[in-house]
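This is what each chain is made of:
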Amino acid sequence: DGGLRLCHGSCTFGWRNAVEVFNNIADFLERNTGEVVIVMLQVGKYKESGSPIMVEDIYELMLESIGFVSMMYEIPNGEIISDWPKMAHFVESNKRILVFQHDGISCHFGDCANVILNAWDHFVDTPFSFKNFNALKHYP
């Protein structure tokens, strides 16, 4: 259909409609009021054109989902946070969806910049380029 899809790696092996997934997350949180969900988006390219997917396009789909955006945690003034709130803060404020992205072009309009965060500004991950277990074991 040419629309944005959620998949991992290649959509050849399966994909999900993005709005449906965002609706499912919002529905889950409505039923489970003490839960917090972290969404990690690895942003790729459009298959047909090869052009990069804009994070703003993903945010537009989030806006189509009923209740999703209203539960997204917003970073004050788009700052890098070194001292994150405790889980109770997210639950009590009902801002229980934290969305991070990597490999995409940063979101630059309206509230999008403060709710879809650049992952590597806030945490680190183990590199997956180790050739063997010893290389991983001796990684600083």
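Residues numbered from 1 in each chain as written. Predicted model: local features only at pLDDT ≥ 70, side-chain atom pairs only at ≥ 80, totals over all residues. Heavy atoms only, no water.

(A) Main features of the packing of aromatic side chains. As enumerated under the stated definition, the model contains six aromatic pairs in all. Ring geometry for Y73 and F90: centres 4.9 Å apart, planes at 90 degrees, overall edge-to-face. Of the two residues, Y73 sits in the loop between α2 (55-64) and α3 (87-93) while F90 sits in helix α3, which places them 17 residues apart along the sequence. The pair Y73 / F90 is uniform in exposure class, with both members buried. On the numbers, 6.1 Å between centres and 55 degrees between planes, the contact of W84 with F100 is tilted. Of this pair, W84 sits in the loop between α2 and α3 while F100 sits in strand β4 (residues 97-102), and the two are 16 residues apart along the sequence. (Phe/Tyr/Trp six-rings, centres within 6.5 Å; stacked < 30°, edge-to-face > 60°. Helix = DSSP H or I, 4+ residues; strand = E, 2+ residues; numbered from the N terminus. Buried < 20%, exposed > 50% of the residue type's maximum accessible area, 1.4 Å probe, protein only.)

(B) Representation of the side chain of Q101. Locating Q101 in the fold gives a position in strand β4. Judged by relative accessible area, which is 2%, Q101 ranks as buried. In this structure the side chain of Q101 is engaged in a polar contact, spanning 3.0 Å, whose partner is the backbone nitrogen of G104. The contacts of Q101, once residues within four sequence positions are left out, are L41, V43, V55, S106, I116, L117, N118 and A119. (Polar contact = N/O pair within 3.5 Å; in protein donor to acceptor, adjacent residues only side chain to side chain. Contact = heavy atoms within 4.5 Å.)

(C) Structural view of the sheet that holds strand β3 (residues 37-42). Read from one edge of the open sheet, three strands run β3-β4-β5, paired in parallel fashion. The open sheet has two edge strands with one neighbour each: β3 and β5 (116-118). Averaged over neighbouring strand pairs, the angle between their axes works out to 30 degrees when direction is ignored. Relative to β5, β4 runs parallel, the two sharing three bridges. Bridged to Q101 within β5 is N118. (Pairing = 2+ DSSP bridges. Axes fitted to C-alpha atoms, helices over the stretch in contact; angles between N-to-C directions.)

(D) Local environment of a nonpolar patch on the surface. On the surface, M40, W120 and F123 cluster together to form a nonpolar patch covering roughly 280 Å² of accessible area. On the secondary structure map, F123 appears in the loop between β5 and α5 (133-137). Assessed through its relative accessible area of 30%, F123 is described here as partly exposed. (Patch = residues over 30% accessible without salt bridge, like charges linked within 9 Å, V, L, I, M, F, W, Y side chains within 5 Å. Areas by Shrake-Rupley, 256 points an atom, 1.4 Å probe, with all protein chains shown as cover. Salt bridge = Lys/Arg side-chain N within 4 Å of Asp/Glu carboxyl O.)

(E) Up close: the pattern of salt bridges. Per the stated rule, a full pass over the model turns up one salt bridge. E20 is the salt-bridge partner of R16, the closest N and O atoms lying 2.9 Å from each other.

(F) Molecular detail of the environment of Y46. In this fold, Y46 is placed in the loop between β3 and α2. It is 15 Å that separates the C-alpha atoms of Y46 and R16, two residues lying 30 residues apart in sequence. Excluding anything up to four places from it in sequence, Y46 contacts L4, S51, P52, I53 and D57.

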